[in-house]
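Single-letter residue listing:
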Amino acid sequence: MTMSLMSYIHTPIISSMNLHRVNTITAMKLEIQSRKLIKPSVSTPLTLRHYKISLIDEFAPTMNLPLVLFFPPSLDNNPTLVVQLEESLKKTLTNLYPLAGRYMEDIHTVDCNDQGVEFIQAIADITIQELLIKKTNLHLVNELIPSKLLASDLNNAMLATQVTTFQCGGLALGVSSAHRIGDVSTMITFLNQWATLTHKDTKLGFGGIDFTSSSMFPAQGLLPLDVGFRKLESNGDYVTKKLSFDENAISNMKTKVTMNGKGNTHQLFKVRLVSALIWKAFIGVDYATYGDLRTSVLVQPVALRQKREKIASLNPKSPLGNHWGLIVTESGTTKEFENLTDLLVGSVTKTIKDYSKVGHDSSERKQMVLNSFSDAANIPDTTNVTWLASWCKFPFYNVNFGFGKPLWVGCGFVPFKRGMMLLDDAKGNGVEAYVTMGVKDVPYFEQDEDIKAFAT
């Protein structure tokens, strides 16, 4: 069936990713060729039927993790490529079987019933080059990220995928995974296993799933974290903008911080610089809105997986579930970029050092995680909250399905009130920031001198 994007965006979508589909986009039309559920190639045994989520999974915000990878035109123009992707997805789900299940909220368990993962096949009427020129148009990018249309409840499906081919033969692979069952480590593991099984005629060694998080942090019936997140009905009041910080801009930011006597150059990583700069801009927005310098905090996850847990395509134990704590950094009366960078570096460095002092499976580490959740959950309503989620250093640009590495990796809208999602740029040395704010905040945000100086 052929649908203009105008009609496509008005199709009822049962999904937490349906954030901006009310916007009219006339630059692209999609032909939805098929929608189906892909099930594991081998049925999940009854002994593995129930996957208990962890306390961290419970606490994860009610949202999907959105990602789309853009691949160049294939030289061999393989007509069976979509079929190959379907078949390899079946094999991948045999290993990562909870992703094909459905969440049962009343008992905090994923029913690994092999109900399947949604697989959408679509064709766009533009070339991939045309889209990449317009990649700051996030409405366009967001249309290439799938929705969980076949789920009876927006919380119960774990994963959806969408393969969109362009007029030039290029391809976009969109993934939407429930945060309830995993973090970015889970997503890159899924992508790498899927890619490996697509371009290699091999059987994936099933080493099982790493249940560290659910065994160490058993579910307790907690509500998801909602501090700093918006409700779906308020979507029209928010906007996401994509900002780019190239290698030269980051170098200049580092120079500005060090010239003012702040920061150790060895600790001024690009993520810390970019996040401090955007945080500073949000503090300025808040000041312009309220006429007063309110208390401001930056909230960010810190990964707790052991360094030896490699995110590899043939990882003997597949990391599943969320495994992170939170860092809450308070600005005090500080509103300068250099001082905020110094605060952020100190806060992150101290937290990582504290975690390194306790055993990976120790009760001390568990208590540290619980305390970090408590700190976030008890942030006063009068506080200016900015969220940071960084996917930098995760090897999305190395995902290889056999038809070339990604030209670009993009992110859809995320339901922050004020916050940022950071990804590496295609060259690897810069940062692309997906910054979400209220529509009324935009003029104040864009007036920030450092945003104007360093971001494009």
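Computed from a predicted model, the values in this text were never measured in an experiment.

Chemist: Describe helix α10 (residues 337-356), naming the residues involved and giving the relevant values.
Modeler: With 20 residues, α10 ought to run about 28 Å at 1.5 Å a step, and its terminal C-alpha atoms sit 28 Å apart, in line with that. Of all the positions in α10, only F337, E338, L340, T341, L344, V345, S347, V348, T351 and Y355 are classed as buried. Where the residues of α10 are buried, they touch α8 (247-259), α9 (270-290), β12 (296-303), β14 (324-330), α11 (363-377) and α13 (449-454).

Chemist: I'd like to hear about the sheet that holds strand β15 (residues 384-390), residue by residue, with values.
Modeler: Read across the sheet, six strands follow the order β11-β18-β17-β15-β12-β14 without closing on themselves; strand pairing throughout is mixed. Of all the strands in the sheet, the pair left with one neighbour each is β11 (238-245) and β14. Averaged over all adjacent pairs, the angle separating strand axes in this sheet is 20°, with direction ignored.

Chemist: Go over the environment of G404 with me, naming the residues and quoting the values.
Modeler: Relative to the elements of secondary structure, G404 occurs in the loop between β15 and β16 (408-410). It is 8.5 Å that separates the C-alpha atoms of G404 and P73, two residues lying 331 residues apart in sequence. When sequence neighbours within four positions are dropped, the list of residues in contact with G404 reads F71 and V399.

Chemist: I'd like a rundown of unusual backbone geometry, residues and numbers included.
Modeler: The phi torsion at H108 lies on the positive side, around 55°, for a residue other than glycine. Tracing the chain through its elements places H108 in the loop between β5 (102-104) and β6 (109-111). Positive phi is not limited to glycine here, since D114 has a value of about 60°. Its place among the elements puts D114 in the loop between β6 and β7 (117-124).

Chemist: If you had to explain the sheet that holds strand β3 (residues 50-52) to someone new, which residues and values would you point to?
Modeler: Judged by pairing direction, the sheet is antiparallel, and its three strands sit side by side in the order β3-β6-β5 without closing on themselves. Taken across any chain shown, the strands that pair with only one partner, and hence form the sheet edges, are β3 and β5. Between one strand axis and the next, the sheet turns by 30° as a mean value, whatever way the strands run. Relative to β6, β5 runs antiparallel, the two sharing three bridges. Residue Y103 lies in a different strand from β6, and its bridge partner there is V110.

Definitions and limits used
- Residues numbered from 1 in each chain as written.
- Predicted model: local features only at pLDDT ≥ 70, side-chain atom pairs only at ≥ 80, totals over all residues.
- Heavy atoms only, no water.
- Helix = DSSP H or I, 4+ residues; strand = E, 2+ residues; numbered from the N terminus.
- Expected span 1.5 Å × (residues − 1).
- Buried < 20%, exposed > 50% of the residue type's maximum accessible area, 1.4 Å probe, protein only.
- Contact = heavy atoms within 4.5 Å.
- Pairing = 2+ DSSP bridges.
- Axes fitted to C-alpha atoms, helices over the stretch in contact; angles between N-to-C directions.

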